[in-house]
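Coordinates in review
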Amino acid sequence: MEPKNLWGGRFKEKTDPEFAQFNNSFRFDQRLFRADVIASIAYGHALENAGVLSNAEAQAIQDGLNLILKNGTEDPKYFADSNAEDVHSFVEGKLVDLAGDAGRKLHTGRSRNDQVATDFRLWIRDAIDSLTETVASTQLALLTFAESNQSVVIPGYTHLQRAQPVMLAHWSLAYFEMLARDRDRLRDARNRVNVLPLGSGALSGNSFQIDRETIARELGFDEVSLNSLDAVSDRDFCIEFVSACSLLMVHLSRVAEDIILYASTEFGFFELSDAVATGSSLMPQKKNPDSMELVRGKSGRVFGDLLSLLTVMKGLPLAYNKDMQEDKEAVFDAYDTTSACLKITTTVLSGITVDEKRIHHAATTGYMNATEIADYLVRKGMPFREAHEVVGRVVMRALELNVELDRIELQELRSISALFGEDVYAGLSLQSTVSAKNVIGGTSPEQVKIALARARERL
Ligand code: ARG
């Protein structure tokens, strides 16, 4: 049977077909199907406990909803050709087909306003759980990449100029840390998602003495909302979720940018696996890092989703307004996009070939050990500010001679400062340069080894 809309009684004229199309959300909110059914089952129980439904009616509702869930899960065509206004009308229509008048009683005291808020919180809770797993897989790929390249030292950059060498594993673990914070943020957002709005009615509460605490327990919510006006009109949980996705996308976009750069001919540190690169239709030699460029580009979509949610919400009077129906597509898109980008990044990371020779050459040129010479002078008693100045002159001299710092003759160095001795050279090798950074969080191989073990534990 075609579902009738849920509000026709006071209307004389038919809905304009173009408006119906404009107003309907079923084409996208059917993703809330499962949540809508399980929340409805819990609400049926609550009405039974409150004495609104007889045992037989409650049973008919529960059986009907279970069958609807089974059909919707097993039969992809179940949703096709429905002209339901939204997922709530769809489920209710199906239930009335199956359970008749009992089905017509289920909406007693309930509104689509507390219903949709409940459904969406259930959906986002699952989304957070699955996204958290997906983030962990990307972290694992970063960790594995770090572990399998433990002896590689790359140039570290500031301003994209060679600065100081760092372990490649240290680079990889930097992104691991960002994603660890993303997981924290998702977990934190989940606490505020996991609050039950059902029982708030359209805006003012529920007149049938339903036990909201019991519904919350049945649906796995930690708390019940404490103000009905707020509960039906709050979409902070959507904004927080998409905000966590946005920051995640910032991190993915940055790792993508590093990988794109390092895979360029100019850097030549990495080569992407063929499986995640594409060619050019015109230039036969090209191997393009499209996978990483798309991740970088798709961050823009997710930020757009965040901005649309903020903008939709900012001027709304209490309580529910239909503007809020615009929340779904933004949240779904942010979730889909972020999940897909995480998965592709994981695949890219596990297929990177590291060109150790290129990297070694880059890491041993460009005076990245200049700070070590200054530190050497400091250890000989010179104030750092003066040492900085002195080494500036050493660098200038090296540039004139066109040599690296460890190739300048001792007498050249001594002509700049008498504190220089033969022992200066030992600290200038790539190995000593990184080994010097032996503090918690530093890039010395010793510290990186500890960090790797810790990262393993944290996963
Ligand atoms: N499809 C609607 C939404 O997503 C459901 C709530 C409708 N409530 C209403 N009073 N029209 O917001």
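Quick look at the structure, then. Along each chain, residues carry numbers from 1 onward, in the same order as the chain's sequence is written. The model is predicted, so local features are restricted to residues of pLDDT at least 70 and side-chain atom pairs to those at 80 or more, both for listing and for counting; the totals for chains, interfaces and linings are taken over all residues. The side-chain figures draw on all heavy atoms in the structure; neither hydrogens nor water molecules are used.

1. Some words on the site of the ligand
Around the ligand lies a shell formed by Ser 25, Asp 29, Asp 86, His 88, Arg 112, Asn 113, Val 116, Tyr 320, Gln 325 and Lys 328. In this structure, a nitrogen atom belonging to the ligand sits 3.4 Å away from a side-chain N or O atom of Ser 25. Under this definition, polar contacts are N or O atom pairs within 3.5 Å; protein pairs additionally need one hydrogen-donor-capable and one acceptor-capable atom, and for neighbouring residues in sequence, both atoms have to be side-chain atoms. Contacts to the ligand include Asn 113, whose side-chain N or O atom sits 2.9 Å from a nitrogen atom. Burial of the ligand by the protein chains amounts to 86% of its free accessible area of 340 Å². Broken down by element, the shell around the ligand gets its largest block of residues, three residues, from helix 7 (residues 112-147). For this purpose, a residue is taken to be near a molecule or strand whenever a single non-hydrogen atom of the residue falls within 4 Å of it. Computed with a 1.4 Å probe, the accessible areas rest on the Shrake-Rupley method; for each residue, only the protein chains presented here act as cover. The helix and strand labels rest on DSSP assignments: H or I over at least four residues marks a helix, E over at least two residues marks a strand, and numbering proceeds from the N terminus.

2. Topic: the side chain of Gln 139
Here Gln 139 is to be found in helix 7. The exposure class of Gln 139 is buried, given its relative accessible area of 1%. Not counting residues within four places of it along the chain, the set of residues in contact with Gln 139 comprises Phe 176, Leu 179, Ala 180, Arg 183 and Leu 459. Between buried and exposed lies partly exposed: a residue is buried under 20% and exposed over 50% of the maximum accessible area for its type, with that area taken using a 1.4 Å probe on protein chains only. Note on contacts: a residue pair qualifies if any of its non-hydrogen atoms lie within 4.5 Å across the two residues.

3. Brief notes about the side chain of Asp 333
Its location among the elements puts Asp 333 in helix 13 (residues 327-350). For Asp 333, a relative accessible area of 17% puts it in the buried group. The contact partners of Asp 333, leaving out residues within four places of it in the chain, are Arg 301 and Asp 305.

4. Side note on the nonpolar core
What is meant by a nonpolar core is a set of buried Ala, Val, Leu, Ile, Met, Phe, Trp, Tyr and Cys residues, joined one to another through side-chain atoms within 4.5 Å. Phe 33, Ile 124, Trp 171, Phe 241, Ile 259 and Phe 270 are the most contacted members of the largest nonpolar core, which totals 98 residues. In terms of residues, this core owes the most to one element, helix 11 (residues 236-262), which gives 16 residues. Among all residues touching Phe 33, those that are not within four sequence positions of it are Ile 68, Leu 69, Gly 72, Thr 73, Tyr 78, Phe 79, Val 87, Phe 90 and Val 91. Counting 20 residues, the second largest nonpolar core, distinct from the first, contains Ile 373, Val 390, Leu 405 and Leu 413.

5. A word on a nonpolar patch on the surface
Residues with no salt bridge and a relative accessible area higher than 30% make up the patches, which join like charges within 9 Å and nonpolar side chains (Val, Leu, Ile, Met, Phe, Trp, Tyr) within 5 Å. Each reported salt bridge corresponds to a side-chain nitrogen of Lys or Arg within 4 Å of a carboxyl oxygen of Asp or Glu. A grouping of Leu 203, Leu 229 and Leu 318 is seen on the molecular surface, where their side chains present a nonpolar patch of about 270 Å² in accessible area. On the secondary structure map, Leu 318 appears in the loop between helix 12 (290-314) and helix 13. On the basis of relative accessibility, which here comes to 63%, the residue Leu 318 falls in the exposed class.

6. Focus: the environment of Ala 202
Residue placement: Ala 202 occurs in the loop between strand 3 (195-196) and helix 9 (212-219). Sequence separation between Ala 202 and Arg 112 is 90 residues; the distance between their C-alpha atoms is 7.1 Å. Non-local contacts of Ala 202, meaning those with residues more than four positions away in its chain, are made with Ser 111, Asn 113 and Val 232.

7. Description of the packing of helix 7 against helix 19 (residues 445-458)
Simply put, an axis is a line fit to the C-alpha atoms, just over the touching stretch for a helix, and the angle between two N-to-C directions goes from 0 to 180 degrees. Interaxial distance between helix 7 and helix 19 falls to 11 Å at its minimum, and their mutual angle equals 150°. Judged by the inter-axis angle, helix 7 sits roughly antiparallel to helix 19. As for the relative orientation of helix 7 and helix 19, their crossing is left-handed in sense. Packed against helix 7, whose contacting residues are Leu 140, Leu 143, Thr 144, Ala 146 and Glu 147, the element helix 19 presents Leu 452, Ala 455 and Arg 456 at the interface. The residue inventory of the contact of helix 7 with helix 19, partitioned by class, reads five nonpolar, one polar and two charged. Angular relationships are summarised with four words: roughly parallel below 35 degrees, roughly antiparallel beyond 145, roughly perpendicular across 65 to 115, and oblique for the angles in between. Each helix crossing is assigned a hand: it is left-handed if the near helix lies turned anticlockwise from the far helix by less than a right angle, otherwise right-handed if that turn is clockwise. Under the scheme applied, nonpolar residues are Ala, Val, Leu, Ile, Met, Phe, Trp, Tyr, Cys and Pro; charged residues are Asp, Glu, Lys and Arg; polar residues are all the others, including Gly.

8. A look at the environment of Ser 280
Of note, Ser 280 is situated in the loop between strand 5 (270-271) and helix 12. Residue Ser 280 is classed as partly exposed on the basis of its relative accessible area, which comes to 23%. C-alpha of Ser 280 to C-alpha of Val 135: the two residues are 145 residues apart in sequence and 31 Å apart in space. Discounting chain neighbours no more than four positions away, the residues touching Ser 280 are Lys 286 and Asn 288. Here the side chain of Ser 280 touches Leu 282 through a polar contact of 2.9 Å, landing on its backbone nitrogen. A distance of 2.8 Å separates a polar side-chain atom of Ser 280 from the backbone nitrogen of Met 283.

9. Notes on helix 15 (residues 370-379)
For helix 15, the full list of buried residues reads Ala 370, Glu 372, Ile 373, Ala 374, Tyr 376 and Leu 377. At the exit of helix 15 stands Gly 381, carrying a positive phi of roughly 110°.

10. Quick look at the packing of aromatic side chains
Only rings of Phe, Tyr and Trp enter the pairing, Trp through its six-membered ring, and a pair is recorded when the two centres are within 6.5 Å. The plane angle decides the type: under 30 degrees is stacked, over 60 is edge-to-face, the rest tilted. Counting across every chain of the model gives 25 aromatic pairs. Between Phe 26 and Phe 79, the aromatic rings sit 6.3 Å apart at their centres with planes inclined by 45°, giving tilted as the arrangement. Taken together, the residues Phe 26 in helix 2 (residues 26-29) and Phe 79 in the loop between helix 4 (55-74) and helix 5 (87-99) connect sequence positions 53 residues apart. Take Phe 79: its relative accessible area is 13%, and that puts it in the buried class. Ring geometry for Tyr 262 against Phe 267: centres 5.6 Å apart, planes inclined by 40°, an arrangement best described as tilted.

11. Some thoughts on the pattern of salt bridges
Evaluation of the coordinates by the stated rule reveals 26 salt bridges. The salt bridge partner of Arg 121 is Asp 234, with a shortest N-O separation of 2.8 Å. Highlighted residues: Arg 121 in helix 7 and Asp 234 in the loop between helix 10 (228-233) and helix 11, separated in sequence by 113 residues. You can call Asp 234 buried: its relative accessible area is 12%. Among the ionic pairs, Glu 240 bridges to Arg 192, the shortest N-O distance being 2.7 Å. You can see Glu 240 sitting in helix 11 and its partner Arg 192 sitting in helix 8 (residues 168-193), a full 48 residues away along the chain. Taken together, the shared-partner salt bridges connect Glu 85, Asp 86, Arg 112 and Lys 322 into one network.

12. Section: helix 13
The terminal C-alpha atoms of helix 13, which comprises 24 residues, lie 35 Å apart, in line with the 34 Å expected from a rise of 1.5 Å per residue. Counting buried positions along helix 13 gives 17 out of 24 residues, so the element sits mostly inside the fold. Each helix should span, by expectation, one fewer than its residue count multiplied by 1.5 Å.

13. Describing the packing of helix 7 against helix 8
Their axes nearest at 9 Å, the elements helix 7 and helix 8 cross at an angle of 165°. Taken together, the axis directions place helix 7 and helix 8 in an arrangement best described as roughly antiparallel. Crossing geometry of helix 7 relative to helix 8 is assigned as left-handed. Looking at the contact of helix 7 with helix 8 residue by residue, the class counts come to 20 nonpolar, four polar and six charged.

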